[in-house]
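Close look at the chain arrangement
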Amino acid sequence: MQNLLRFLFISILFAGLFSGCTEKIEPRPVTYSQLLTGTEKKTWKMVSLQIFDEGQGSGVIPLQNAVNPCAADDLYTFYANEERKFELNEGSLKCAATNPDLLLTDSWTLVNANASLEFPLRILGGTFPWTIKNLTASVLTIEYYFSDIDASYRFTFNSVATK
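The structure displayed is predicted, hence computed values, not measured ones. (Residues numbered from 1 in each chain as written. Predicted model: local features only at pLDDT ≥ 70, side-chain atom pairs only at ≥ 80, totals over all residues. Heavy atoms only, no water.)

**What to know about the overall build of the protein**
This is how it is decided: Every helix listed is a DSSP run of H or I at least four residues long, and every strand listed is a run of E at least two residues long, numbered separately from the N terminus. Between buried and exposed lies partly exposed: a residue is buried under 20% and exposed over 50% of the maximum accessible area for its type, with that area taken using a 1.4 Å probe on protein chains only. Per-residue and other accessible areas were derived by the Shrake-Rupley procedure at a 1.4 Å probe size, with only the shown protein chains allowed to occlude residues.
Of the regular secondary structure elements, the protein holds 4 helices and 11 strands. Residue burial in the protein is summarised as follows: out of 163 residues, 32% are buried. A total accessible area of about 10300 Å² is found for the protein, and carbon and sulfur atoms account for 56% of it.

**Examining unusual backbone geometry**
The phi dihedral of arginine 84 is positive, around 50°, even though this residue is not glycine. As for its position among the elements, arginine 84 is in the loop between β4 (75-79) and β5 (85-89). Positive phi, close to 50°, is recorded for alanine 115, a residue that is not glycine.

**A short note on the confidence of the model for the protein**
Selection rule: Note on scores: pLDDT gives the predictor's confidence for each residue, bounded by 0 and 100.
Per-residue confidence for the protein gives a mean pLDDT of 86, with 82% of residues at or over 70. Ranking the elements of the protein by mean pLDDT puts helix α1 (residues 2-20) last with 56 and β4 first with 97.

**Concerning the state of the cysteines**
Cut-off, in case you're wondering: The term disulfide is used for any two cysteine sulfur atoms that are within 2.5 Å.
One pass over the structure, following the stated rule, counts 1 disulfide. Residue cysteine 70 pairs covalently with cysteine 95 via a disulfide, S to S 1.9 Å. Given an S-S torsion of about 95°, the disulfide between cysteine 70 and cysteine 95 has right-handed geometry. With a gap of 25 residues between them, cysteine 70 in helix α4 (residues 69-72) and cysteine 95 in the loop between β5 and β6 (102-107) connect regions that are remote in the sequence. You can call cysteine 70 buried: its relative accessible area is 6%.

Below you can see the structure in the form of structure tokens.
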């Protein structure tokens with residue numbers, strides 16, 4: 001009987017120790033904005049564009065073939081801070097020797113409900129509401145739909161640096 005009590009006591013003690021020490025691991029899925037910004041910041045480089053007019057697409061046009069090469073290597077950095085800081089930097093090719101490396105500091109806006117992203121795009125000269133067509137850890141495709149004509153611009157970016 002004493003051995004049975006000792007066995008039960010030791011069994012209960014071990015069961016209590018092991019059940020009290022388990023840590024429930026909860027996966028933390030990457031949020032939509034983290035795909036865009038990484039955990040601190042993420043830099044993107046535009047690689048191609050497409051032009052759609054009345055449903056007809058131009059096909060994928062490499063950016064080097066469509067715009068000035070100095071603008072084709074610009075770097076777009078999205079920060080994961082509360083201010084949602086955005087920076088536009090000259091790439092390795094400067095459009096003018098006197099241009100600073102940092103061309104623009106602004107902010108970005110993301111609305112998950114309609115996959116809308118707003119930030120400045122240098123080659124179009126302004127800030128536009130972009131519809132996100134594709135967003136993965138390494139590829140971002142956005143499209144701007146003109147409100148007064150049946151046309152749109154679609155741009156694809158590749159991630160070049162993440163923190």
